[in-house]
Amino acid sequence: MIRTRVGYSGGTKASPTYRSLGDHTETIQIDFDPTKITYEQILNVFWNSHDPAGWSWAKQYRNVIFYHNEEQRRTAEKTRDRIAAETGKKVRTDIEPASTFYLAEDYHQKFRLQQDSLLTAEYDAIYPDIKNFVDSSAVSRANGYLGGYGTSAQLRREISSLGLSEAGQKRLIDIVVGSGR
C-alpha cells in the first residue's frame, strides 16, 4: 500500500462530516502500486474482512466497493461471483462507481495508531502537519500492522523503513508479535 485514508463517499450531500453524514457511507480510500499488489489481491483482503452475505443495517456502514474504471468493476464482480460460488450464499455487498471522496475528520485518521501514544508522538514529530501524517505511507503501514494486517515477519523486513526510533520499532514489533502474528 502507498497509503490509506478514511472518509465518506457514495452520497449526494456536499462536505459530509461524521456528525452530518447525509446519505454517504464511511469508506476507505486505498492508493496502491499495482506492480506490488493487484486490485484483486486488495479485494481478497476486503472479502475476508467482512461478511459479504450480511445485511448492512445502515447506509453509513454498508458493505460496498467503489470502483474507478471498468477493469476494476469487472474484477470486483468476478471476485463477488467467486465468493458467492464458494459460500453458496447471496453476496449483498454493493459494487458502485466511485464518486467524490470526502476525507474524514482528523481524529478518525489512522485510528489504530492514534491509540498508541508513543508511536503517535514519534510520527507527530516527523509529520507535524496532519495532512502529511494522513498521507504518509509509513504511517499507513504502521497503522495497518496495528489493525491486524501483516505478519511479524513482514514487519521485521520493513521496520527500518517506517521512520521510527529504536524504541518505536521495538514497540510496534512487540504489539504485532504479542498479537500472535
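Now for a look at the structure at hand. Being a predicted model, the structure only gives us computed values, none of them experimental. (Residues numbered from 1 in each chain as written. Predicted model: local features only at pLDDT ≥ 70, side-chain atom pairs only at ≥ 80, totals over all residues. Heavy atoms only, no water.)

Observations regarding the pattern of salt bridges
Applying the stated criterion across every chain yields a total of 15 salt bridges. One salt bridge connects E40 with K78, and the closest N-O pair in it is separated by 2.9 Å. Of this pair, E40 sits in helix α1 (residues 39-48) while K78 sits in helix α2 (residues 70-87), placing them 38 residues apart in sequence. Residue class for E40 comes out partly exposed when judged on its relative accessible area of 25%. Look at K78 and you get partly exposed, because its relative accessible area is 47%. One salt bridge in this structure joins E40 and R82, with 3.7 Å as the shortest N-O distance. Taken together, the residues span a long stretch of sequence, with E40 in helix α1 and R82 in helix α2 at a distance of 42 residues. Of the residues examined, R82 reaches a relative accessible area of 28% and is grouped as partly exposed. One continuous salt-bridge network, built from bridges that share partners, spans R3, R5, D31, K131 and D135. (Salt bridge = Lys/Arg side-chain N within 4 Å of Asp/Glu carboxyl O. Helix = DSSP H or I, 4+ residues; strand = E, 2+ residues; numbered from the N terminus. Buried < 20%, exposed > 50% of the residue type's maximum accessible area, 1.4 Å probe, protein only.)

Treat this as a map of the structure, not an account of what it does.
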